[in-house]
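Summary of the model geometry
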Number of protein chains: 2
Amino acid sequence: MKTPRIVIVGAGFGGLQVAQSLASSGLDVCLIDRHNYHTFVPLLYQVATSQLEPEYIAYPIRTILRRFSGKRYQKQPKTRFLWAEVQRIDFTAQIVQTDGCAIAYDFLVLATGSKTQYLGVTGAAEYAFPIGNLAASVRLRHRILSCLELASQELDPDIRQQLLTFTIVGGGATGVEMAGGVIEMLRGKLRRDYPTLDLQSVRLILVQSGDRLLREFPEKLGVYTYKKLTKLGVEIYLKTRVSQVTPASVYLDNKEVIPSATVIWTAGSEANVPQTSQEIPIAKKGKLLVHPTLQLQEHSNVYAIGDLSHIEPNHIPLSGVAPEALQQGVRVARNIQRQLRGKSPQPFSYFNKGRLAIIGCYSGVCKIGNFELTGLLPWLMWLAVHLIYLPGYRSRLFVLLTWLYTYLLGDRAVRLILTISDI
Amino acid sequence: MKTPRIVIVGAGFGGLQVAQSLASSGLDVCLIDRHNYHTFVPLLYQVATSQLEPEYIAYPIRTILRRFSGKRYQKQPKTRFLWAEVQRIDFTAQIVQTDGCAIAYDFLVLATGSKTQYLGVTGAAEYAFPIGNLAASVRLRHRILSCLELASQELDPDIRQQLLTFTIVGGGATGVEMAGGVIEMLRGKLRRDYPTLDLQSVRLILVQSGDRLLREFPEKLGVYTYKKLTKLGVEIYLKTRVSQVTPASVYLDNKEVIPSATVIWTAGSEANVPQTSQEIPIAKKGKLLVHPTLQLQEHSNVYAIGDLSHIEPNHIPLSGVAPEALQQGVRVARNIQRQLRGKSPQPFSYFNKGRLAIIGCYSGVCKIGNFELTGLLPWLMWLAVHLIYLPGYRSRLFVLLTWLYTYLLGDRAVRLILTISDI
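Residues numbered from 1 in each chain as written. Chains lettered and ligands numbered in written order. Predicted model: local features only at pLDDT ≥ 70, side-chain atom pairs only at ≥ 80, totals over all residues. Heavy atoms only, no water.

Focus: the sheet that holds strand S15 (residues 242-245) of chain B
Residue and element names in this part refer to chain B. Spatial strand order, S15-S16-S17: 3 strands in an open sheet with antiparallel pairing. Each of the sheet's edge strands pairs with one partner strand only, and the pair in question is S15 and strand S17 (257-259). Neighbour to neighbour, the strand axes of the sheet diverge by 20° on average, direction disregarded. Strand direction decides the pairing type here: strand S16 (residues 249-252) and S17, joined by 3 bridges, are antiparallel. Note that in S17 the partner of Val 250 across the bridge is Ile 258. (Pairing = 2+ DSSP bridges. Helix = DSSP H or I, 4+ residues; strand = E, 2+ residues; numbered from the N terminus. Axes fitted to C-alpha atoms, helices over the stretch in contact; angles between N-to-C directions.)

Printed below as a string of structure tokens:
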């Protein structure tokens, strides 16, 4: 009998976890991603704010797979990686069509995550800077550094102020950490590199549509975050929406126009659904509707996990964080093995270990069970947890050394502007 | 009296040295570069071969200047940096026109280095990969890794072989170190990441027009290098020229056509002369003719150094290495100060400390005075010397750790393919 083949699309937290959980099963596993690296998304904001080298938080998928499988890998690789862009999935023929080749599957796991959604705001897609992936974060780093360089040459005070005004759209965890990251960056030794520039005049604006920050956390922690960021000099607009973005300004729905050369977009996301041969039921934010077992509603051999899927009926409110995708990955691997043994798949249940968010400048917030903490301790916990989960010993060592360098010496190491035309 | 202003164009080894030597002079110095970082060129080949992060060998110019000037910098910056592209130099009006602004000078130092020259070979500019700057080296890294990925998916054996054939054009120090770097890369743990790929079938070809490698070294060392690289599996063509490069093949002047998807160009360079208001005398390779004092022949307040200049009458044969540019930078700084004191500039004399070249795989060659060495010792010396000269303590520590990681564990850390469309 032919070994059943499992094809996994997407090597984010969820997809990679499925591959890891299946590594010692002896099944024929093929993991497809359009990048040759896995991105450790929680640290992207540190790439965007000149703190970490992109290489530290992006790990070669092949090396991760090799380590899962141990020494047997060399002789009998059961888990393969395919660097390709998926073009279309045919549920009837059970084929994944990529730009290079077509792959037949017995079981399919869709884990293609989410992409930025600009919520219909005019100009946002063209002029705002998202930070959802590695290339976008590097691009934003180049933008922030370029604005400082251009401002230091600019004689017109209005244009200079515009270059030194950074607007962050969205007051969730990503918006808050970006605000803290930019503040840390500009308060550090970087300041000394621009002696002719008054970095006190930098305006950092955070626009949030809701009535408080960090809506996924208890109110008290959102209020703490608001106070902390305000104290650090961030101008926060609550209950405010962005109505337009231009290369020079951001327009708010309260008719205010803020001259701001850089608009950082953290406000919306939607599921990144691959093209399929048949219509599949879609929930809010474009997510695929799945059973509690994580199977697609009409295809029992196709699973969808992470930011891509919405469970219905939904007994567990999910918020799109890495632990959910990881736990779903484990569940899917078990369910596929159950199906292969003729058993029925089991529903996913999420074990919530708690939730952490980093503000920056030695502050964070956390909620573990009924405990709520603010300040230095959750900040340290955030760093420690992310260091532990980061793939690769070398990356961990280098990130640790870089953090010591950054937080003890106040310096930022990564400051190249490699412009688009350069590469 | 107005403080005289010295404008330096180019922040390579030469230009930066002029700025450093003038840092404590109290003169008004403006350093212009089109990048915001100084590139440590000798280690570019390690960026191209997945060994070092680009950030380690590219250092922010502003930070270097700040460190030159010490604590006074914050209050009274005398050395400024301008991130701009020079468009035209007007010797009569004494103005440097950039894409952003125009700067008047009293003294001008041109240190814009060299650029790749394709020697009229058809297709070379379009399809060959140069490694002369940081962006080009990153691009070449992406190319080498992409070829491995594509080869591992390829079913046609001819196309697979073509993807696995790398041709290096040029047998000077850069060509030799690239050959060694690629060999090291493919022999290390990277191999294990491609279990389905037979990396034994990789062909690495080095094409050299002259009758031996490393012509800038004594013959014995060139012969050693030839033997060493041949033993490592490099196919070396001496007395051979490339006549055409296509996306799929390289054509040699002996009528041989080698199917090779990647052609690495290290064969030619020419001076990167900025546009000027008046014609200036040019020597071979487009270099500016300068007096032994390094002044332009018709403009006593304009100096040219490094790869940009050719000294006439020429008592010292120069070969375009960093120590020459550094020593010329010191000379120029002194000559400008002499001119300001009403004294006449002195001719440049080069103190040759010796010459090192790295082959890779624990081998190098060196010539110091009449001593010639080959093997492990010059390899270690090469690494040590370049570690010492690398700017920044953090970069030095991280490069040292990376080398220990690479050479002790045989692994390569930097393996992202960030494609052009990504950034």
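Now that the structure is up, let's keep going.
A word on the relation of the copies chain B and chain A
The two chain copies are related to each other by a rotation about an axis together with a translation along it. For the pair chain B and chain A, the best superposition has an RMSD of 0.0 Å and corresponds to a rotation of 180° with a translation of 0.0 Å parallel to the axis. Put plainly, the chains are arranged around a two-fold axis. Residue by residue, 100% of the interface of chain B is reproduced at the interface of chain A, so both copies engage with the same surface. (Least-squares fit on C-alpha atoms with pLDDT ≥ 70 in both. Contact = heavy atoms within 4.5 Å.)

Considering the pattern of salt bridges
Evaluation of the coordinates by the stated rule reveals 20 salt bridges over all chains. In this structure, the salt-bridge partner of B:Lys2 is B:Asp106, at a minimum N-O distance of 3.3 Å. A residue pair is termed long-range when its members are at least 10 positions apart, and B:Lys2 in the segment before strand S1 (5-9) and B:Asp106 in the loop between strand S8 (102-104) and strand S9 (107-110) qualify at 104 residues. Residue B:Arg355 is joined to B:Glu216 by a salt bridge in which the shortest nitrogen-to-oxygen separation is 3.7 Å. With B:Arg355 in strand S23 (residues 355-360) and B:Glu216 in the loop between strand S13 (203-207) and helix H11 (219-231), this pair connects stretches of sequence that are 139 residues apart. Note on B:Glu216: relative accessible area 36%, which makes it partly exposed. What emerges from the salt-bridge pattern is a single network uniting A:Arg5, A:Asp28 and A:Arg80. (Salt bridge = Lys/Arg side-chain N within 4 Å of Asp/Glu carboxyl O. Buried < 20%, exposed > 50% of the residue type's maximum accessible area, 1.4 Å probe, protein only.)

Details of the packing of aromatic side chains
Following the criterion strictly, the structure yields 17 aromatic pairs over all chains and no others. Note on A:Phe13 and A:Phe40: the rings are 5.7 Å apart at their centroids and 75° apart in plane angle, and the pair reads as edge-to-face. Of this pair, A:Phe13 sits in helix H1 (residues 13-22) while A:Phe40 is found in the loop between strand S3 (37-39) and helix H2 (44-48), placing the two residues 27 residues apart along the sequence. Residue classification places A:Phe13 among the buried positions, given a relative accessible area of 19%. Judged by relative accessible area, which is 2%, A:Phe40 ranks as buried. Pairing A:Phe398 with B:Phe398 gives two aromatic rings, centres 4.8 Å apart and planes at 55°, and the pair type is tilted. (Phe/Tyr/Trp six-rings, centres within 6.5 Å; stacked < 30°, edge-to-face > 60°.)

Re a nonpolar patch on the surface
Residues A:Leu400, A:Leu404, A:Leu408 and A:Leu409 make up a contiguous nonpolar surface patch of about 390 Å² in total accessible area. Along the chain, A:Leu404 falls in helix H14 (residues 393-409). (Patch = residues over 30% accessible without salt bridge, like charges linked within 9 Å, V, L, I, M, F, W, Y side chains within 5 Å. Areas by Shrake-Rupley, 256 points an atom, 1.4 Å probe, with all protein chains shown as cover.)

Re the interface of chain B and chain A
Across the boundary between the two partners, chain B contributes 51 residues, which contact 52 residues of chain A. Here chain B and chain A share an interface that buries about 5100 Å² over both sides, 59% of which is from carbon and sulfur atoms. Our enumeration of links across chain B and chain A arrives at 8 salt bridges. Note that A:Glu55 is salt-bridged to B:Arg141, the shortest N-O span being 3.4 Å. Elements represented by at least two residues in the side of chain B that touches chain A include exactly helix H3 (54-57), strand S4 (58-60), helix H4 (61-69), helix H5 (72-75), strand S5 (79-83), helix H7 (134-153), helix H10 (190-193) and helix H14 (393-409) of chain B. Looking at the side of chain B that touches chain A element by element, the count peaks at 10 residues for H7(B). Class assignment of the residues belonging to the side of chain B that touches chain A gives a composition of 26 nonpolar, 10 polar and 15 charged. (Buried area = accessible area lost by both parts, 1.4 Å probe. Nonpolar A, V, L, I, M, F, W, Y, C, P; charged D, E, K, R; others polar.)

Examining the pairing of strand S18 (residues 262-265) of chain A
Residue and element names in this part refer to chain A. What you see with S18 is no split at all: Thr 262 and Ile 264 on one side and Val 263 and Trp 265 on the other are buried throughout. Strand direction decides the pairing type here: strand S11 (residues 129-130) and S18, joined by 2 bridges, are parallel. Bridge assignment links Phe 129 to a residue of S18, and that residue is Ile 264. The sheet contact formed by strand S12 (residues 165-169) and S18 spans 4 bridges and is parallel. Looking at the pairing, Ile 168 lines up with Ile 264 of S18.

Some points on the packing of H1(A) against helix H4 (residues 61-69) of chain A
Each packed pair of helices is defined by two parameters, the angle between the axes and the distance between the axes. All names here are of chain A. Closest axis-to-axis distance for the H1/H4 pair is 9 Å, and the angle between their directions is 30°. In terms of their interaxial angle, H1 and H4 are classed as roughly parallel. Both H1 and H4 take part in a crossing whose hand is right-handed. Together, Leu 16, Ala 19 and Gln 20 of H1 and Ile 61, Ile 64, Leu 65 and Phe 68 of H4 make up the contact between the two elements. (Parallel < 35°, antiparallel > 145°, perpendicular 65-115°, else oblique. Left-handed = near helix turned anticlockwise from the far one by under 90°.)

A word on the confidence of the model for chain A
Averaged over chain A, the pLDDT score is 92; the fraction of residues at 70 or greater is 96%. Taken together, the chains of this predicted complex give a pTM of 0.94 and an interface ipTM of 0.92. (pLDDT = per-residue confidence, 0-100.)

As for the sheet that holds strand S24 (residues 363-368) of chain A
Remark on secondary structure: sheet strands pair via backbone hydrogen bonds, oriented parallel or antiparallel. All names here are of chain A. Reading across the sheet, the 3 strands line up as S23-S24-S25 and stay open at both edges, with antiparallel pairing between neighbours. The sheet is open, and its two edges are formed by strand S23 (355-360) and strand S25 (371-375), each paired on a single side. Shown here is a sheet whose adjacent strand axes are inclined to one another by a mean of 5°, direction ignored. The sheet contact formed by S23 and S24 spans 5 bridges and is antiparallel. Bridging across to S24, Ala 357 finds its partner in Val 365. Across the sheet, helix H11 (residues 219-231) is in contact with S23, S24 and S25; its angle to S24 comes to roughly 180°.

Focus on unusual backbone geometry
The omega angle of the peptide bond from A:Glu312 to A:Pro313 is 0°, so this bond is cis rather than trans. Note that A:Pro313 resides in the loop between strand S22 (309-311) and helix H12 (322-340). Its identity is not glycine, yet A:Gln94 carries a phi of approximately 55°, on the positive side. With a relative accessible area of 25%, A:Gln94 lands in the partly exposed category. Even without a glycine there, the phi angle at B:Leu214 is positive, about 45°.

Quick notes on the pairing of strand S9 (residues 107-110) of chain A
All names here are of chain A. Going residue by residue along S9, you find Phe 107 and Val 109 tucked away on one face and Leu 108 and Leu 110 tucked away on the opposite face as well. Bridge count between strand S1 (residues 5-9) and S9: 4 bridges; the pairing is parallel. Note that in S9 the partner of Val 9 across the bridge is Leu 110. In the sheet, S9 pairs with strand S21 (residues 302-304) via 3 bridges, with the strands oriented parallel. Paired with Leu 110 across the strands is Ala 304, a residue of S21.

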